[in-house]
Structure formats: C-alpha cells, structure tokens
Amino acid sequence: MTNPLIDNIKSIPPVTRFFTISTVLACLGVTTFSAFPSLYINSYALLKEYMIVRAVIRRGSYFVIFKVVATEVLGWYRFVTSFLIPPGIMSTNRVNALFDTYFFYTFSNHLEAHEGKFKGNFPDYLWFIILCGSCIQVFNLALEAITGNYSEATYFPHENLLACLTYVWSRSLKNARINLLGLVPIKAYYLPLGNLVVKLILGGPVALIDTLVGIISGYLYLCVQSNTMPIYNLVPGAYGTPKKKRNDEGRRVGMTYVDNTSRFGGFQADYIDDSIYDKGYLKAPQWLYSLLSYPKNTSVRTTAFTPAVGSSFGSPSFSRNQSQREGTPTGSTTGYSWFGGSETAFKGKGHRLGD
C-alpha cells in the first residue's frame, strides 16, 4: 500500500525537492537547536576565520595548522547551507519564512518541471542553480566589503535566490496573468518590478538590494544562455534584431488575416514578445552529466543566434524550449491557484479560404 504523501514528495523534481526539504529541516534546526551559526556564512565569518588561520600559521605546529586549515575548508559547506535559511526565520513573525519557502518551491518547481523552462532536465537546472548561486555569493561578499558592513547577518542568499528564480520564471512566462500579493492582477512580466516595490515598502533599502542582487544574477544567466552582452542586449534593435512587419498578405480578398502577436487570448496590443536575451538554452557541462550518471543527449545548447529551421544563418532564433513548446505561447498560464488567472491561452489556427 503506497503512501500518498511519499508519492507526492517523490513527484517533486530533484533539485526543488532537495531545497524544499532541506529548508524545512534548516528552519527546524535554527528554531529548535539554534543552529544558525553552523549554517550561515558571510564576510564577518570569513574575516574571523581568516584571522584564526593566520594566527595558527604563525605560531602553531604543523599538526595544528593542518587541523585548522582542514576544518576551515570543510566549513565551506556553509556557502550551500546559507541558501536554506529564509530571512523570516530570524524574525519574531516566522510565518514569513513559511511563505518564502512556499514561493521558492512554487517557482523552482515550475522552472524544473517537464512543462517548465528546463523540461525536467536535472543537470541543466542544477547547473543553473550553481551558476546563479555562485554569482549571488560573490555579489553579497563584494557589497559587504564595499559598504564595510560586517555584522553577523547582513544578507540572506535564500532571499536572493528566490528573487532570481522569480525573475527567470517571469521571463519565460511573460504573459501569464498573476495576482501580486493575491490582490493586484498583473502580467508575470511585471512581477519582478512589483516585488521590488513591495520589498522597498516592507523591508526598506536592504530588502530592495537583496531582491536586486537576485534579479541581476538571473539576468546575467540569461546573458550567458543567449550569448549576448549585458547592457548592450537591452538596447532596442541590438544585434540587428529585425523589427516585426505587419503581414499585409492576409488582407487580400479570400484570405484570413492571421497575426502571431495576438496569440495570447486575442489581445494583440498587450502581448509581450521575447527579448533577444530570453532566447537560447544553456546546457550543463559534460562532467556534471557524468557525475550525475545522466544521459548526455537530453538537451541541446543553443544561443540567440542559433539558426532555426527555415531561418537564415546568424538570425536570432527561438530557443530549444520555445521550439519544443511550439503552439504553446509564452502567455500560457501556470496552473497554480495563487497566481490568479486560470484561463488558458487561445491556440487558433489560420486557414485559407477553401482549405
């Protein structure tokens, strides 16, 4: 006899399952056993450990030096476990930690799942988390060094990574209808901007910077994915992206005019198309596939300039995910109830008269 709870947990994609379960266990460890110092690392902790190692090297024996250095190297696991602590767990109102954990699970699950951006590909999604997580840690340590703020808890990588996932999700489903805070209906495209406003109001400048670090990390990942230059790819017409021309052929007598820009629910003016840095697909390196014993032919590396079928060489093309989802527009809804809109995008087909 199967257990429904165990079956539901097993159905969660592996990376999302790891973060969800580990975050719950880390929160229990922090609240019950005060395990926060053993899971969290920042510039303050690194500086203190550096001073210890320096003092031991000057005055300690070889055995003591080896012991201290080995201990500090093993302590780098905190660069991973620090992503498991939502900031709300350190406040008096710990309900916020529950919401952060749920939102992290929701966005991560939708990106990693078979119908999401990574099509259920375990190594590729793990590589995405590794790259964005490393970028977040570097940004946070640099910000602490620049500002000179070495207090024991100035940032929370969990919050940064959640903002990163939210941004990448919003870029892959721009036209999905969601409810910001469950109240304000907006398109997913505007969700990162809405989060910035909410964080600024509720958490002040520090929370705003935390969200910006995550968004910038996600944006840089998209730049690597599409093989485009940061900042420059934001310029309209960058890389010679052709402007869309109205198809007047459809206005001939006896023909039905079909406009692809009206794919989302028939609202032509509201449809938001992909930017050049949204295109492409970043495949994990071969060593990661070998390490995970995962089939290596499950995805294909493409960029914004990979020729698509029927297009000329060098012209920007849709990514692997977009070609596989042909007929499923960017504006399709998510299926999660808290997002609001449960409507599915209209998938119409144009036919010539007499077909």
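In this text, all values refer to a predicted model and were calculated from it rather than measured experimentally. (Residues numbered from 1 in each chain as written. Predicted model: local features only at pLDDT ≥ 70, side-chain atom pairs only at ≥ 80, totals over all residues. Heavy atoms only, no water.)

This part is about helix 4 (residues 43-59). An α-helix turns once per 3.6 residues; consequently, residues spaced three or four apart project the same way. Given a rise of 1.5 Å per residue, 17 residues ought to cover 24 Å, and the 24 Å separating the end C-alpha atoms of helix 4 matches this to within 8%. Every buried residue of helix 4 is listed here: Ser-43, Ala-45, Glu-49, Val-53 and Val-56. Seen from one end, helix 4 has its buried residues packed into an arc of 150°, which puts them on one side. Projecting away from the buried face of helix 4 at angles above 90 degrees are the exposed residues Arg-58 and Arg-59. (Helix = DSSP H or I, 4+ residues; strand = E, 2+ residues; numbered from the N terminus. Expected span 1.5 Å × (residues − 1). Buried < 20%, exposed > 50% of the residue type's maximum accessible area, 1.4 Å probe, protein only. Arc of directions from axis to C-beta.)

This paragraph deals with the packing of helix 7 (residues 95-112) against helix 8 (residues 122-147). It is the contact of helix 7 with helix 8, at a shortest axis distance of 10 Å, that shows an interaxial angle of 135°. It follows from the interaxial angle that helix 7 and helix 8 lie oblique. Contacts between helix 7 and helix 8 involve Ser-108, Leu-111 and Glu-112 from the first element and Phe-122, Tyr-125 and Phe-128 from the second. By residue class, the composition of the contact of helix 7 with helix 8 is 4 nonpolar, 1 polar and 1 charged. (Axes fitted to C-alpha atoms, helices over the stretch in contact; angles between N-to-C directions. Parallel < 35°, antiparallel > 145°, perpendicular 65-115°, else oblique. Contact = heavy atoms within 4.5 Å. Nonpolar A, V, L, I, M, F, W, Y, C, P; charged D, E, K, R; others polar.)

A separate point is the packing of helix 8 against helix 10 (residues 191-226). Packed helices, taken two at a time, are described by their axes: the angle between them and the distance between them. The contact between helix 8 and helix 10 brings their axes to 9 Å, and the two run at 135°. On the basis of the axis angle, helix 8 is oblique to helix 10. At the point where helix 8 passes helix 10, the crossing takes the right-handed sense. Across from Phe-128, Leu-131, Cys-132, Cys-135, Ile-136, Phe-139, Asn-140 and Leu-143 in helix 8, the residues of helix 10 making contact are Ile-209, Val-213, Ile-216, Ser-217, Leu-220 and Tyr-221. Partitioning the contact of helix 8 with helix 10 into residue classes produces 12 nonpolar, 2 polar and no charged. (Left-handed = near helix turned anticlockwise from the far one by under 90°.)

This part covers the pairing of strand 1 (residues 177-180). Alternating positions in strand 1 separate cleanly, Ile-178 and Leu-180 being buried on one face and Arg-177 and Asn-179 remaining unburied on the opposite face. As paired strands, strand 1 and strand 2 (residues 184-187) are joined by 4 bridges and run antiparallel to one another. Looking at strand 2, one finds that Ile-178 is bridged to Ile-186. What sits between the antiparallel neighbours strand 1 and strand 2 is a turn of 3 residues, in which Leu-181 has the positive phi angle 60°. (Pairing = 2+ DSSP bridges.)

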